[in-house]
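# Architecture at a glance
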Amino acid sequence: MTSMDTATAPADTERGTARPATLTVQATDDPAGWAAGARDGLHAALAEHGAVLVRGLGLHDTDGVAAVLGRLAAEPVTERETFAPRRTYSPGVHSSSPWPPNQPMCMHHELSYTVGSPGLLLFACLSEPTAGGSTGLADASDVYDALPRGLTERFEREGWLLTRNYTGEVGATVTEAFGTDDRGAVERYCHDHAIACAWQPDGGLRTTQRRSAVVRHPVDGRSCWSNQIAFLNEWTLAPEVREYLVDEYGSDGLPFNTRYGDGEPVGEDVVRLVNSVYEEHTVRRPWKAGDLLLVDNIRTAHDRQAYEGPREVVVAMASPTRPDPFARTIGVGPR
């Protein structure tokens, strides 16, 4: 398929199903040049379908991924507030999150708890696994429509709260999350990004931030269930892991947890409901080495299956979104 064909992708994709438009192309020694020629068509297909899978492009290294990102005229997003440190290859281009291969990663919208979260994700498969490991996709508008109206209305009114405890023992350290170990700089970052922060007696840091749970898509105005309420909730943890963490740190000292915007805990039943709705709306395509997947990070949630064998999928994050209105409605920590 030539670059001019990208705006008219194969018609196996229906709007609202989060099935990526699949474009089969011939391998090239210049993927970035191909991306430059295909840019308008790719963006049109992405707006129509929420995700675009380019198969056969032949991406084989991180330099190629960075070059493709640059030719798509997308502004890179610098990752901050990470949960697990990962390697950065170039501005906006990172390794996958270091999640155990034998554990699935449930649906989420990348960095949706940050101010200026990425609107565009590029996933590139440099090495495919021998089994499993697919990146599932779910249409956030369909998920919103399928959830109970009372639940979505509450989250629309209140937003959602994310609490984090940086202890230096579990997850990212303060330095890894904020790019500095200077307390003043961390406090200024939190102030500027509407995060309440408090240093703990043991030297750890506790933060709280309020964010939108439902986002109207900037192109078509559809309501999207775009957040990480279920992914970062204590009830998504494996039972034995949650039990250990509660015993070790207490229910208020978990590395992360989510609540309703008014501070009320989100129950296990709600987390299970959200994850079951995601599963009902998930579409999967197995990875092949050289694949490129473009994802609208507002419209489309993604996950990752457990896998076996080598798997190297890198991610590029770009196109920062407009400020979150709920980011202006929470107190902030000391400056």
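Residues numbered from 1 in each chain as written. Predicted model: local features only at pLDDT ≥ 70, side-chain atom pairs only at ≥ 80, totals over all residues. Heavy atoms only, no water.

Let us now look at the overall build of the protein. Counting its regular elements, the protein contains eight helices and 19 strands. Expressed along its principal axes, the backbone C-alpha trace of the protein runs to roughly 60 × 40 × 35 Å. For the protein, with 335 residues in total, the buried portion stands at 51%. Counting contacts in the protein only where the partners sit at least 6 residues apart, residues at least 24 apart contribute 81% of the total. Within the structure as shown, the protein displays about 14,500 Å² of accessible surface, and the carbon and sulfur contribution to it stands at 49%. Both charge centroids of the protein, one from 31 positive and one from 46 negative side chains, sit 4 Å from each other. (Helix = DSSP H or I, 4+ residues; strand = E, 2+ residues; numbered from the N terminus. Buried < 20%, exposed > 50% of the residue type's maximum accessible area, 1.4 Å probe, protein only. Contact = heavy atoms within 4.5 Å. Areas by Shrake-Rupley, 256 points an atom, 1.4 Å probe, with all protein chains shown as cover. Lys, Arg positive; Asp, Glu negative; His and termini not counted. Charge placed at Lys NZ, Arg CZ, Asp CG, Glu CD.)

Here we come to the nonpolar core. Note on soluble globular proteins: their nonpolar side chains tend to be buried together. Ranked by size, the top nonpolar core spans 46 residues in total, and within it F123, F155, W225, V274, Y278 and L293 carry the most contacts. Here the element with the most residues in this core is helix 8 (residues 268–280); it accounts for five residues. Ignoring sequence-local partners within four residues, the contact set of F123 consists of W287, D291, L292, L293, V295, H302, V313, V314 and V315. Listed in part, the 28 residues of the second largest apolar core include V25, A38, V52 and L126. (Core = buried A, V, L, I, M, F, W, Y, C linked by side-chain atoms within 4.5 Å.)

Another point: a negative patch on the surface. Taken together, the side chains of E169, D202, E240, E243, D247 and E248 present a region of like negative charge at the surface. For E248, the position within the fold is in helix 7 (residues 239–249). For E248, a relative accessible area of 46% gives the class partly exposed. (Patch = residues over 30% accessible without salt bridge, like charges linked within 9 Å, V, L, I, M, F, W, Y side chains within 5 Å. Salt bridge = Lys/Arg side-chain N within 4 Å of Asp/Glu carboxyl O.)

Following the sequence through the fold, E176 ends up in helix 5 (residues 174–178). Sequence separation between E176 and P286 is 110 residues, and the spatial gap between their C-alpha atoms is 32 Å. The residues touching E176, leaving out its near neighbours within four places in the chain, are T82, P85 and G171. Of the polar contacts made by the side chain of E176, one reaches the backbone nitrogen of T173; its length is 2.9 Å. (Polar contact = N/O pair within 3.5 Å; in protein donor to acceptor, adjacent residues only side chain to side chain.)

On to the side chain of N297. Mapped onto the elements of the fold, N297 is located in the loop between strand 16 (292–296) and strand 17 (300–304). Here E110 takes part through its backbone oxygen, which lies 2.9 Å from a polar atom of the side chain of N297.

Take the confidence of the model for the protein next. On average, residues of the protein carry a pLDDT of 89, and 92% of them reach 70 or more. Across residues 1–16 the pLDDT falls below 50, and counting only partners more than four positions away or on other chains, this stretch makes 31 contacts in the model. Confidence drops under pLDDT 50 across residues 331–335; counting only partners more than four residues distant or on other chains, this segment forms 16 contacts. (pLDDT = per-residue confidence, 0-100.)

One pass over the structure, following the stated rule, counts seven aromatic pairs. Ring geometry for F83 against Y113: centres 5.3 Å apart, planes inclined by 90°, an arrangement best described as edge-to-face. Placement of the pair is F83 in the loop between helix 2 (62–71) and strand 3 (88–90) and Y113 in the loop between strand 5 (105–108) and strand 6 (118–127), with a sequence separation of 30 residues. Take Y113: its relative accessible area is 3%, and that puts it in the buried class. (Phe/Tyr/Trp six-rings, centres within 6.5 Å; stacked < 30°, edge-to-face > 60°.)

A few words on the pattern of salt bridges. In total, this model carries 12 salt bridges according to the counting rule given. One salt bridge connects R299 with D139, and the closest N-O pair in it is separated by 2.8 Å. Remark: D139 occurs in strand 8 (residues 137–139) and R299 occurs in the loop between strand 16 and strand 17; sequence separation between them is 160 residues. The same class applies to R299 as to D139, namely buried. Linking D252 and R259 is a salt bridge whose minimum nitrogen-to-oxygen distance equals 4.0 Å. By relative accessible area, which is 53% here, D252 ends up exposed. Take R259: its relative accessible area is 22%, and that puts it in the partly exposed class. Through salt bridges with shared partners, one network takes in R154, E158, D262 and E264.

Take the packing of helix 1 (residues 31–49) against helix 2 next. Close contact between helix 1 and helix 2 brings their axes to 8 Å; oriented N to C, the two are set at 25°. Our classification of the angle between helix 1 and helix 2 gives roughly parallel. Considering how the two elements wind past one another, helix 1 and helix 2 form a crossing that is right-handed. Seen from helix 1, the contacting residues are P31, A32, G33, A35, A36 and R39; seen from helix 2, they are A67, V68 and R71. Considering only residue class, the contact of helix 1 with helix 2 consists of six nonpolar, one polar and two charged. (Axes fitted to C-alpha atoms, helices over the stretch in contact; angles between N-to-C directions. Parallel < 35°, antiparallel > 145°, perpendicular 65-115°, else oblique. Left-handed = near helix turned anticlockwise from the far one by under 90°. Nonpolar A, V, L, I, M, F, W, Y, C, P; charged D, E, K, R; others polar.)

Relative to the helices and strands, S226 is located in the loop between strand 13 (223–225) and helix 7. Classification of S226 as buried rests on a relative accessible area of 6%. Taking C-alpha positions, S226 is 7.3 Å from R299, a pair spaced 73 residues apart along the chain. At 3.4 Å, the side chain of S226 and the side chain of H109 are in polar contact.

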